[in-house]
Amino acid sequence: MTEALDVTLTVNGERHAVRVEARRTLADALREDCGLTGTHLGCEHGVCGACTVLLDGEPVRACLLFAVQAQGRAIRTVEGLAEGGELSPLQRAFIENHALQCGYCTPGFLMLGTALLERDPTMSDEALVDALSSNICRCTGYANIAKAVRAAAAEMRERVPA
Amino acid sequence: MNAQSPHQPGAGRLVGRDVPRVEDSALIRGRGRYVDDIAPPGLLHAAFLRSPHAHAAIRGIEAVAARALPGVHAVLTLAELGPHLTDTRLVVALPSPAYRLELHRPVLADAEVTHVGEAVAVVIADTRAIAEDAAALVEVDYDPLPAVADCVAALEPGAPIAHSGAASNLAAELTLEYGAVDAAFATAPHRFAERLSIHRGGSHSIECRGVLARHDPLDDRLTVWSSTQTPHTARRMLCDLLGLPEEGVRVVTPDVGGGFGPKLIFYPEEVVVALAARLLARPVKWIEDRAEHFIATTQERDQLWDVELATDGEGRILAVRGQMIHDHGAYTARGVNVPQGAVSAMPLAYVVPAFRVAMKVAATNKVPVTPVRGAGQPQGVFAMERLLDRAARELNLDRAEIRRRNLVPGDRMPYATPLKTRGGMQVVLDSGDYPRCMAMALEAAGWDAFPERQRAALAQGRHTGIGVANYVEGTGRGPFEHVSVRIEPSGRIVVATGAAAMGQSTHTMLAQLVAEHLGGDMSRVHVIAGDTAAAPMGIGGSNSRQAVLAGSSAHAAALRVKDKVLHVAAGLLEADEGDLEIEGDAVRVKGVPEMKVTLAAIARAVAGAPGFAIPGGRGPGLIAAEEVVIDAMAYANGTAVAEVEVDAETGEARILALTFSHDCGNALHPRIVDGQLMGGIAHGIGNALFEHMRYDEEAQPTSTTLADYLLVTATEMPPVRILHMQSPTPLNPLGIKGVGEAGVIPVPAAIAAAIEDALSPFRAHVTRVPLSPVDIVALIDPAAAA
């Protein structure tokens, strides 16, 4: 159980050589071995989505993956969203629409929202709300989160001419 | 009165406006600092061994194998901790003459466990994983005892006794009453009785609880970072239990990922982790996981109400009477405030000439009960509103009309009720116009036209219904909150408070109020909340109180500092105080912006130099500390109207629209007010339809994952319309009332009423929440349908 394995995690484009037990989750490895505490744990059984990160562009529960499974994959976390210190459109939209209160679920929602926007910024409202139901927020009642993702989608559509 | 406006009439330069939150910049980048994000060098990790039994005697604890596991530093039971503690129990009960049993929680259970999840031992190891491995190796010799799960059954003769030393399960009893209740009932033309139940849920902040303790031998100080809503209480408890002086213990509330009530309690884990850190001379951290949160963090809402309403022929309330049984859980982790708050909330919105509800508080073998967002008030409102709906139906009155006839009228404000608070103070409804507030919601929800919509839907085979519920909420529980404001020689403004933030924008609120008077630049204000080293005293977060109490103190302190700044500046600028204004980082002469002196320069001038007089003649420093005392609570009010569609086949209830009108006085930050309400509304929807903390008959919890215990997600949220009325309270200088809990309070009652209305063709009678699809199908009388 305690045998350690050498793993290289590529997080936000940066390589982290870490030595982890096979049972170490990706979430714990990110937080404790890579020092990236922006990814939060809310339930550790895959329901709340607070630990959502992107693995090769797909939103995944970092609590349900072992660190060793992420070897060789491109991991993105909330710390990588702002480029050169400039917030992403979704991050700005979260602030402008009061889509966060305590902020604990926020990194998971930001990663989920980022994946949704990258996949299809023209998605219908119904599809958006349906997708956002993958994660849980106890503070906001969701309306402002949906509003923020819509606002960011609108901004992205303007930026990239169809 | 202003709906969805970016700022309210009479707003200041910052106050009353939707200014950017100061919390967001770090949180949005993943740079928050929650307790689990803090990892000092040499950190060890704790895992608690918890009882798998609802009730059992402990015959022995064997930890040899656990201690032998590599990486384990200690396995501690009460036997090891006891000699270092002044008391092995957490004596935290609020005062009340109502108690019949003394149910103080042990620091760790050593003789008997009384609920699943009660902590028995702690393992400290190099990693959490090793600590959990070792905990699994600890052998506890349990002798299972009969357990009681249900609070009603607990009070029946012959029920299993939750605590083997106790004579019964009656933990407390109290009665709230006034007026000639029985005489009113004896002559009342109409009487309506209901048996109502509300079930247990949890707070389920997305961040569970956590504690990190580090003893620094250099300054002999214990620092405890805890996800607590009440750091000063935690420090007092730690000092008391560990026999340490106040200056030897610092409690810090870092960023908190949601509180919702249970984090205001002082928990065994806090003292155990703190003591372990001292004993091992290493930092120790414990982070609660969700499985633990379900069995070790306090919960709320199980109550059974047998209540009766007496009215005259026009539906006017003559009296209310009844009994209520409250599930207390296994220990007194707070007091009898929840049942008391529930019963007090029941009559509050209405003119109720006579009232008596007797409460019996039952000990059960379940997680202790303490306030969860709403703190009893949703139950009291549910009881009152269900009775009014029943009376309206039987008297053939519109459900809104019976409420109009009974709401406390606006022209009777302030309205002195015969009720008293838990501190014995008279309940005086200070301001507001409840009928007008209800009218706003009814109009926006299209109440009057609903019967037409309902008929049209029914013609298509759709069962729709509408429900309304009113609430009045005591907010801003006193007596005070400490806030100090000072301008440092750098010119920076530092605000320190005993208030604790858990996601409700406390830093923004204080920065806004202080910057309003000191230059208007919130980025120059640094707020320290939830740190006992920064504030000499504090009460903390609960009871929708922090904006009211800490806000009032911040306002008063900022005004005092402003006064001194202007006075000193007037001397330095050789100008008249009345001609000066503070703008950004400086005081300047109005209309002559180049004539100015910076706040930094003023702060330095009054910092003093040896042998020189302090300019201004008002003593050194630019600092003011305030503890504005406000004993009376500010009563907020509101109305929820829910429109639902129920699938009579599957029992699925879908909320088509939710309208929420409310009055919390002035809004310091309208968007934050809406945010607080929306969160509460979501919680209320959960309480109405989804959230049910279930236990089997042996008091084993059976809903211990978020797959079994359902929290509302984005798809369950209906369109919500929030309408604002603003009746400033005269009780504080800001005219504000709390709003953190309001959203949750009337929503279960409104949804229950709407479901009953939707299923009226089936003669459905709703007497409980939550209502799962299974419960809803069971409401349908097939004979009535045919």
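As the structure is a prediction and not an experimental result, all values here were calculated from the model. (Residues numbered from 1 in each chain as written. Chains lettered and ligands numbered in written order. Predicted model: local features only at pLDDT ≥ 70, side-chain atom pairs only at ≥ 80, totals over all residues.)

Okay, the nonpolar core next. Residues and elements named next belong to chain B. Counting residues in each nonpolar core, the largest one holds 319 residues, and the members touching the most others are V123, V514, I751 and I755. Considering every element that reaches this core, the biggest residue donor is helix 16 (residues 546-573), with 14 residues. When near neighbours in sequence (up to four residues on either side) are disregarded, V514 contacts V485, I493, V495, V525, A554 and A558. (Core = buried A, V, L, I, M, F, W, Y, C linked by C-beta atoms within 7 Å. Buried ≥ 20, exposed ≤ 12 C-beta atoms within 10 Å, placed from the backbone. Helix = DSSP H or I, 4+ residues; strand = E, 2+ residues; numbered from the N terminus. Contact = placed C-beta atoms within 7 Å.)

What follows concerns the domain arrangement of chain A. Residues and elements named next belong to chain A. Per the domain assignment, the segments of chain A are domain 1 (4-80) and domain 2 (89-159). Averaged C-alpha coordinates put domain 1 and domain 2 at centres separated by 21 Å. Facing 15 residues of domain 1, the contacting portion of domain 2 comprises 13 residues. Of all the secondary structure elements, the ones that give two or more residues to the side of domain 1 that touches domain 2 are strand 3 (52-55) and strand 4 (58-61). The element contributing the most residues to the side of domain 1 that touches domain 2 is strand 3, with three residues. (Domains from an automatic or database assignment.)

A few words now on the environment of V18 of chain A. Residue and element names in this part refer to chain A. Mapped onto the secondary structure, V18 falls in strand 2 (residues 14-21). Accessibility expressed as a C-beta count within 10 Å gives 17 for V18, which makes it partly exposed. Taking the C-alpha atoms as reference, V18 lies 9.7 Å from L30; in sequence the two are 12 residues apart. With near-sequence residues (within four places) excluded, V18 lies in contact with V7, L9, A29, D33 and C34.

Each side of the interface is counted separately: chain B has 43 residues, and chain A has 42 residues. Going through the elements one at a time, helix 1 (24-28) and helix 18 (670-690) of chain B are the ones with two or more residues in the side of chain B that touches chain A. Sorting elements by how many residues they give to the side of chain B that touches chain A places helix 18 of chain B first, with seven residues. By residue class, the composition of the side of chain B that touches chain A is 19 nonpolar, 14 polar and 10 charged. (Nonpolar A, V, L, I, M, F, W, Y, C, P; charged D, E, K, R; others polar.)

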